[in-house]
Amino acid sequence: MADMPIRKLPLLLVNQIAAGEVIERPASVVKELVENSLDAGAKRIEVAVEDGGRELIRVSDDGGGIPSDELSLALAPHATSKLQTPDQLAAITTMGFRGEALASIASVSRMRLTSRATIDGKSAESGAYLQASGDYVGEVTPDACAPGTVVEVRDLFFNTPARRKFMRAGPTEFGHITELLGRLAMVRPDVSFTLLHNGKKSLEVFATSSRRQRCIDVLGEELDEAMLEFEQEDISPDAVIEENNRTKRARVWGLAGLPAIARATGKFQYLYLNGRPIRDRTLTHAIKEAYRGLIPPDKQPVAVVFLEIDPRAVDVNVHPAKAEVRFGDPNRWHGLALAAMRQRLLAGDLTPSVGMPPLDTSRGSSMSIPPPQTSTPIPQTNAAAFVEYFRRMDPQQKNFVYEEVRREVVGNLSDQSVSLPNPSGTESELVAPVLRAQGVLQVHQSYLVTQDDQGLLIVDQHALHERVMFEELRRRVLAPGSTLESQRLLMPAVVSASVKRQALIEQLKPLLERIGIEAEPIGKDAVAVHAFPSFLFDRNVDPVEFCEELLDKAEDGQLDQPSVNTDEAVLHEVLDMMACKAAVKAGDAMRPEELAALLAKRDEIERSSNCPHGRPTTIRLTLKDLEKQFKRV
Ligand code: ADP
Ligand code: MG
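Values in this document were obtained by computation on a predicted structure and should not be read as measured data.

Asks: Could you give me a rundown of the overall build of the protein, with the residues and numbers involved?
Replies: A count of helices and strands for the protein gives 20 helices and 27 strands. In the protein, which comprises 633 residues, the proportion classed as buried is 49%. Relative to all contacts within the protein whose residues are 6 or more apart in sequence, the contacts with residues 24 or more apart total 71%.

Have a look at this one:
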């Protein structure tokens, strides 16, 4: 290569190299074109694609359009109407600014750009079109088109075989387009979007003044009840944004999905910075933190997060497709998003209703979740969903079936009813005295059944007790300067331990002291436990077993302090372990007072809807669900 002289790249190559970064697949074309339409002030945008965009992508809008004499400039690289000076680059408010998209796309496809401009509210007498492909650019030709712009892109990657080969089948590419358009549609509820695939309407969302409604339109109506709205302003004095001579505060707004609808992937997290869809580790982490202990570690919340901050406080010019940004002060926005979400989650009733889509259901969002491809039928009735829910909830409870619970409930009711049902009495008269007398029913020594104002509650006794203990421990440990009460052992409990484990004990000492464990290496291969938390002692937890498990976890790296939120994560892990050990198990009989006390706690403590591992403690069969089941409606 050394003997090749330095030359300026021909234009086609410049554009294709740019396309290489920005135009990865048909969905990237849709992204750039729709962003242009939004920048042009469009109120209606239609995207029509053939064969997942492999054959054709057409984006039509009713925006401001391009004057005929600027058409060829629009296709030139580094030509834009959105940016003129460096200080504008420092405070970008449009979606586009690089002036590269149209030139890049034209260099790898056959493009036709048709536009009729509107200037000062008056539309030009006629429009024009221009064709371009590779390094060919045609003549600007007058055209009797409607005001607005239509960009047609055919045969994407026809001259870049490597990229062409990389494209997936039509349905897969269409999936990416659907997902992308959904993300963009959430940004602008004031704009109507239509998506057509092979001539068939696949999505239509109408303009609305409610951003919540737009999000639900995209996520799917069935998630409406499962999304909690949150909003918070940054109250620090310097968080003021000046915009068009008005000032506002930096803020976060969004929707947090109930833990019960968490998914296996993070695909259902929608992050936005000043109206731009982004990927961002800071915000993703904030979401994860907000749900800590509310969902299992292998699940990801469904969440929509809109962050609005001073455009000068963030660099949006760090990624060719503008999909990532760089915050000046990431911790600040992490904190704001976390606080807003956490507060909302703690304030909300997170108990999932049986009628709600269970964890990882394969049906769901109208836009983002592909239709089920499983061969097994998906339960349609609530009763089936209910059984399904339990089946998924705890592998050890696989034999648990709704019928059994029902039999148990009904059986117990008639056992305890003094007289036979009075035909003239209403059902509530029959049931109420039993529940009032007893308040709660223990089923199979594992589940508690009770009622609240919305319907029937079914509680997993172990999960709830675990959460109750966890919160109690946490409150005590976090109280300033306090450690957990501990009990000195008459004879130290001896745990055999390798040299490595002995070293771990030394390392964990400060943590262990906080929770009331006093332990130190003795000899070459053991650790002596001198004191143990009274709390665990009272619940018959064996010090040797407990410390061994703690060391297992430590050796496994589970107690290593991650870079962010050091103490809390580790403490959570250890307290969680203590709570789990101390809590009643499935199969433990409980006395009526114990049942009542446990349920009373449910209303007192935070996060009672989920155990510290994130599994639900409670599910609800609402009166509405019951009415449906009994065909009363
Ligand atoms: P950028 O969006 O970064 O400016 P593009 O290559 O995407 O660069 O577009 C170049 C220019 O073409 C834009 O700045 C805009 O003036 C014009 N343009 C592109 N698409 C449209 C559209 N749909 N409506 C009006 N003008 C458009
Ligand atoms: Mg653009």
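Picking up after the structure, the text goes on.
Asks: Just give me the short version of helix α10 (residues 330-347), but keep the residues and values in it.
Replies: The end-to-end C-alpha distance of α10 is 26 Å, a good match for the 26 Å that 18 residues give at a rise of 1.5 Å each. Inspection of α10 places Trp333, His334, Leu336, Ala337, Leu338, Ala340, Met341 and Leu345 among the buried residues, and these make up the whole buried set. Check the buried side of α10 and you find it contacts β12 (227-233), β15 (251-257), α9 (281-290), β18 (303-308) and β20 (326-327).

Asks: Lay out the sheet that holds strand β26 (residues 526-533) in plain terms, naming residues and giving numbers.
Replies: Ordered by their spatial adjacency, three strands build an open sheet running β24-β26-β25, and the pairing between neighbours is antiparallel. Sheet topology places β24 (486-496) and β25 (518-522) at the edges, where each strand pairs with a single neighbour. Direction aside, neighbouring strands of the sheet carry axes that sit 20 degrees apart on average. Relative to β26, β24 is paired through seven bridges, and the arrangement is antiparallel. Bridge pairing in β26 links alanine 493 to valine 529. Running at roughly 150 degrees to β25, helix α15 (residues 499-514) makes contact with β25 and β26 of the sheet. Packed onto the sheet, helix α17 (residues 543-555) meets β24 and β26 and runs at close to 60 degrees relative to β24.

Asks: Which residues make up the packing of aromatic side chains, and what values do they have?
Replies: Geometrically, a pair of aromatic rings is defined through the distance of the ring centres and the angle of the planes. Under the criterion given, the structure shown has four aromatic pairs. Considering the side-chain rings of phenylalanine 532 and phenylalanine 537, the 6.4 Å spacing of their centres and the 65 degrees angle between planes classify their relative orientation as edge-to-face. By relative accessible area, which is 33% here, phenylalanine 537 ends up partly exposed. Pairing phenylalanine 532 with phenylalanine 546 gives two aromatic rings, centres 5.8 Å apart and planes at 75 degrees, and the pair type is edge-to-face.

Asks: So, unusual backbone geometry: which residues are in play, and what are the values?
Replies: With the exception of glycine, most residues fall at negative phi, and the peptide bonds are largely trans. The residue aspartate 51 is not glycine, and still its phi comes out positive at about 50 degrees. A residue is classified by how much of its surface remains accessible, and aspartate 51, at 30% relative accessible area, is partly exposed. Its identity is not glycine, yet aspartate 155 carries a phi of approximately 50 degrees, on the positive side. As for its position among the elements, aspartate 155 is in the loop between β9 (148-154) and α6 (161-166). Residue aspartate 155 is classed as partly exposed on the basis of its relative accessible area of 29%.

Asks: Which residues make up the packing of helix α14 (residues 461-478) against helix α19 (residues 592-604), and what values go with them?
Replies: For the pair α14 and α19, the least separation of the axes is 10 Å and the interaxial angle reads 60 degrees. Between α14 and α19, the interaxial angle falls into the category oblique. The element α14 and its partner α19 pack so that their crossing is left-handed. Listed contacts from α19 to Gln461, Leu464, His465, Val468 and Glu472 of α14 are Leu598, Leu599, Lys601 and Arg602. Within the contact of α14 with α19, the residues separate by chemical class into four nonpolar, two polar and three charged.

Asks: I'd like to hear about the site of ligand 1, residue by residue, with values.
Replies: Taken together, 19 residues are adjacent to ligand 1, and Asn36, Thr80, Ser81, Lys82 and Gly99 come closest. Between ligand 1 and lysine 82, the relevant distance is 2.6 Å, taken from an oxygen atom to a side-chain nitrogen or oxygen of the residue. Relative to its free-state accessible area of 530 Å², ligand 1 is covered by the protein chains to the extent of 92%. For the shell around ligand 1, the elements supplying multiple residues, two or more each, are α2 (26-39) and α5 (101-107). Residue classes in the shell around ligand 1 are distributed as seven nonpolar, eight polar and four charged.

Asks: Which residues make up the sheet that holds strand β22 (residues 447-452), and what values do they have?
Replies: Read from one edge of the open sheet, four strands run β21-β22-β23-β27, paired in antiparallel fashion. Taken across any chain shown, the strands that pair with only one partner, and hence form the sheet edges, are β21 (441-443) and β27 (618-622). On average, adjacent strands in this sheet sit at an angle of 30 degrees to one another, irrespective of strand direction. Here strand β23 (residues 455-460) pairs with β27 via five bridges, running antiparallel. Paired with valine 459 across the strands is threonine 618, a residue of β27. Sheet strands in contact with α14 are β21, β22 and β23, and its direction is about 75 degrees off that of β23. Sheet strands in contact with α19 are β21, β22, β23 and β27, and its direction is about 55 degrees off that of β22.

Conventions adopted
Residues numbered from 1 in each chain as written. Chains lettered and ligands numbered in written order. Predicted model: local features only at pLDDT ≥ 70, side-chain atom pairs only at ≥ 80, totals over all residues. Heavy atoms only, no water. Helix = DSSP H or I, 4+ residues; strand = E, 2+ residues; numbered from the N terminus. Buried < 20%, exposed > 50% of the residue type's maximum accessible area, 1.4 Å probe, protein only. Contact = heavy atoms within 4.5 Å. Expected span 1.5 Å × (residues − 1). Pairing = 2+ DSSP bridges. Axes fitted to C-alpha atoms, helices over the stretch in contact; angles between N-to-C directions. Phe/Tyr/Trp six-rings, centres within 6.5 Å; stacked < 30°, edge-to-face > 60°. Parallel < 35°, antiparallel > 145°, perpendicular 65-115°, else oblique. Left-handed = near helix turned anticlockwise from the far one by under 90°. Nonpolar A, V, L, I, M, F, W, Y, C, P; charged D, E, K, R; others polar. Near = heavy atom within 4 Å. Polar contact = N/O pair within 3.5 Å; in protein donor to acceptor, adjacent residues only side chain to side chain. Areas by Shrake-Rupley, 256 points an atom, 1.4 Å probe, with all protein chains shown as cover.

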